[in-house]
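Chain residues, written in single-letter form:
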Amino acid sequence: MTAPVSNSPETAIAVDGVDFCYGRSRALKEISLEVRKREIVAFIGPSGCGKSTLLRCFNRMNDLVPGARVTQGTIEIDGVEIHSPEVDPVELRRRVGMVFQKSNPFPRTIYENVAYGPRLAGISDKSELDGIVEKALRGSALWDEVKDRLNESAFGLSGGQQQRLCIARTIAVKPEIVLMDEPCSALDPVATAKVEELILDLKRDYTIVIVTHNMQQATRVSDRTAFFYLGEMVEFDETSTIFSNPRRQETEDYVTGRFG
Ligand SMILES: Nc1ncnc2c1ncn2[C@@H]1O[C@H](COP(=O)(O)OP(=O)(O)OP(=O)(O)O)[C@@H](O)[C@H]1O
């Protein structure tokens, strides 16, 4: 399905007519959508429908997969086509951060996990780094739990804390957009609730796109939801509309659990 794309100053991501292939296999078909600044958009749909592929297009993570490429269409972030020669993929990935399904802290201290990105960006002043680490850990609602153990291994944290640490690591480099690929799927309900609360808090400063298999999670955190099926975007609308009054039968069948 294609939808009109309006690339206004309020647009964070504008996708227009994108096809994506892994080798000869077409994983995304004519996707057009627009994500507004500081909104939370959820991608839902059955396994293999292309949600993660589209998410990974936004920071060109798919470049790392041999033979994988956008074969037609454009993806603009802040009005700039992300495949154009002036875009450095490493800088793009700083601006468009990513949080993965399974938390993946580095085998270092809590402090070093958060300071890693800013250090790579050339910040070496200890007090500046201390400030960045504290701000990122506060921003990810982890500071009070870890402030007395910053020099201990990140592996000593619980799964939910590790996931919030990964979010802190992502926001420490001041991205504009945060992509989340099923960030709570490995967490228990209490840790999930904390991460969801955090996602809602982050909306004040960031644009967030989240892939989730959890319908309740999509309704709890997102402003708008896109439903994908077999590489196509079937419907994209206000989350309340997608879940209570979808226009398409496939969407209704999926959100009511009839398939998927
Ligand atoms: N690295 C890859 N190489 C080849 N094909 C891939 C690769 N990654 C994904 N695919 C294929 O692309 C299609 C879309 O996969 P994708 O992971 O984007 O779906 P998804 O909706 O995120 O699924 P899930 O909910 O299971 O994570 C699937 O057919 C999948 O097999």
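Residues numbered from 1 in each chain as written. Predicted model: local features only at pLDDT ≥ 70, side-chain atom pairs only at ≥ 80, totals over all residues.

## Focus: unusual backbone geometry
Here is step 1: A positive phi angle, near 55°, is found at alanine 141, a position not held by glycine.
Here is step 2: Assignment of secondary structure puts alanine 141 in the loop between helix H4 (126–139) and helix H5 (143–146).
Here is step 3: For alanine 141, a count of 18 C-beta atoms within 10 Å puts it in the partly exposed group.
Here is step 4: You will see that glutamate 182, though not glycine, has its phi angle at about 45°, which is positive.
Here is step 5: Relative to the helices and strands, glutamate 182 is located in the loop between strand E7 (177–181) and helix H7 (189–202).
Here is step 6: The exposure class of glutamate 182 is buried, given the 20 C-beta atoms found within 10 Å. (Helix = DSSP H or I, 4+ residues; strand = E, 2+ residues; numbered from the N terminus. Buried ≥ 20, exposed ≤ 12 C-beta atoms within 10 Å, placed from the backbone.)

## What to know about the UniProt feature "domain: ABC transporter" (unreviewed entry) in the protein
Here is step 1: UniProt tags residues 13–255 as "domain: ABC transporter" (unreviewed entry).
Here is step 2: The annotated region residues 13–255 carries 37% helix and 27% strand content, and the separation between its end C-alpha atoms amounts to 25 Å. (UniProt positions renumbered as here; feature names shortened; annotations may be inferred.)

## Digging into helix H3 (residues 110–120)
Here is step 1: Among the residues of H3, those classed as buried are Ile110, Asn113, Val114, Ala115, Gly117 and Pro118.
Here is step 2: The inward-facing, buried residues of H3 abut H4, H5 and helix H6 (159–171).
Here is step 3: At the C-terminal side of H3, glycine 122 shows a positive phi close to 105°. (Contact = placed C-beta atoms within 7 Å.)

## Thoughts on the site of the ligand
Here is step 1: Around the ligand sit Tyr22, Ser25, Ala27, Gly45, Ser47, Gly48, Cys49, Gly50, Lys51, Ser52, Thr53 and Val65, and those are all the residues in its vicinity.
Here is step 2: Only strand E2 (25–36) and helix H1 (51–57) provide two or more residues apiece to the shell around the ligand.
Here is step 3: The dominant element in the shell around the ligand, judged by the number of residues it contributes, is H1, at three residues.
Here is step 4: Tallied by class, the residues present in the shell around the ligand amount to four nonpolar, seven polar and one charged. (Near = placed C-beta within 6 Å. Nonpolar A, V, L, I, M, F, W, Y, C, P; charged D, E, K, R; others polar.)

## Quick word on the environment of valine 234
Here is step 1: Inspection of the secondary structure puts valine 234 in strand E10 (residues 232–238).
Here is step 2: The spacing of valine 234 and arginine 38 is 196 residues in sequence and 23 Å in space, taken between C-alpha atoms.

## Let's talk about the sheet that holds strand E8 (residues 207–211)
Here is step 1: With mixed pairing, the six strands of this open sheet are ordered in space as E6-E7-E8-E3-E9-E10. Both outer strands of the open sheet, strand E6 (96–99) and E10, are each paired with one neighbouring strand and no more. Ignoring strand direction, the axes of neighbouring strands in this sheet form an average angle of 20°.
Here is step 2: With four bridges joining them, strand E3 (residues 40–44) and strand E9 (residues 224–229) adopt parallel strand pairing. Across the sheet, the residue bridging to alanine 42 is threonine 225, located in E9. (Pairing = 2+ DSSP bridges. Axes fitted to C-alpha atoms, helices over the stretch in contact; angles between N-to-C directions.)

## A few points about the sheet that holds E2
Here is step 1: Read across the open sheet, the four strands follow the order E2-E1-E4-E5; overall the sheet is antiparallel. Strands at the two margins of the open sheet, each flanked by one partner only, are E2 and strand E5 (80–81).
Here is step 2: When strand E1 (residues 11–22) meets E2, the two strands line up antiparallel, connected through eight bridges. Bridge pairing in E2 places threonine 11 opposite arginine 36.

## A few points about the pairing of E1
Here is step 1: The antiparallel hairpin formed by E1 and E2 contains two residues in its connecting segment, where glycine 23 sits at a positive phi of about 60°.
Here is step 2: Pairing analysis gives eight bridges linking E1 to strand E4 (residues 68–77), with the strands arranged antiparallel. The residue bridging valine 15 from the neighbouring strand is isoleucine 75, located in E4.

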